[in-house]
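Observations on the three-dimensional arrangement
The primary structure of each chain is shown beneath.
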Amino acid sequence: MKKALTCSLLLALALPMAAFADGAAIYKTKCTPCHGSDGSGQTPIGKNLKVRDLRSAEAQKLTDAEITKVLTDGKGKMPKSKLSANDIKAVIAFVRSLK
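Description of the structure in this document. (Residues numbered from 1 in each chain as written. Predicted model: local features only at pLDDT ≥ 70, side-chain atom pairs only at ≥ 80, totals over all residues. Heavy atoms only, no water.)

**Looking at the nonpolar core**
Judged by nonpolar contacts, the single largest core of 13 residues is most densely connected at Tyr27 and Val91. For this core, the element with the most residues is helix H6 (residues 85–96), which contributes five residues. Leaving out residues up to four positions away in the same chain, tyrosine 27 has contacts with Thr32, His35, Gly36, Ser37, Gly39, Leu54, Val91, Phe94, Val95 and Leu98. (Core = buried A, V, L, I, M, F, W, Y, C linked by side-chain atoms within 4.5 Å. Buried < 20%, exposed > 50% of the residue type's maximum accessible area, 1.4 Å probe, protein only. Helix = DSSP H or I, 4+ residues; strand = E, 2+ residues; numbered from the N terminus. Contact = heavy atoms within 4.5 Å.)

Next comes the structure, spelled out in structure tokens:
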């Protein structure tokens, strides 16, 4: 019983960490060109498009549903993504860590 509880606890801790790692990898390939590795938007493309600083209070206060809508439908100059629902959740978790 104790072994099963320990395994369950380790699994519960590992899954969010795996999603975070996936979110970081997806962000790096899909988002970094415009938003930068730190989320600041201070890349040549980001400056040209005047993208939002993802670390800002304004961006961080958006709900997961609002961010999902932007990623799914696009907004302004940001094109819609073709990410799965799980990938979107992982990217949102990573973006939340950029504070």
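**Points about the layout of surface pockets**
Roughly 850 Å³ of volume is contained in the largest pocket. Lining of the largest pocket is provided by 28 residues; of these, His35, Leu54, Val70, Leu71 and Met78 occupy positions nearest its centre. No other element matches helix H5 (residues 64–73), which puts four residues into the lining of the largest pocket. (1 Å grid on protein atoms, 1.4 Å probe; cavity = no way out; pocket = protein on both sides within 12 Å on 5 of 7 lines; lining within 4 Å. Points joined across faces, edges and corners; volume = space filled by probe spheres on them.)

**Side note on the side chain of threonine 43**
Topologically, threonine 43 is positioned in the loop between helix H2 (32–35) and helix H3 (44–49). For threonine 43, the side chain forms a polar contact with the main-chain nitrogen of glycine 46, separated by 2.8 Å. If we skip the residues at most four places from it in the chain, threonine 43 touches Thr32, Pro33, Cys34, His35 and Gly36. (Polar contact = N/O pair within 3.5 Å; in protein donor to acceptor, adjacent residues only side chain to side chain.)

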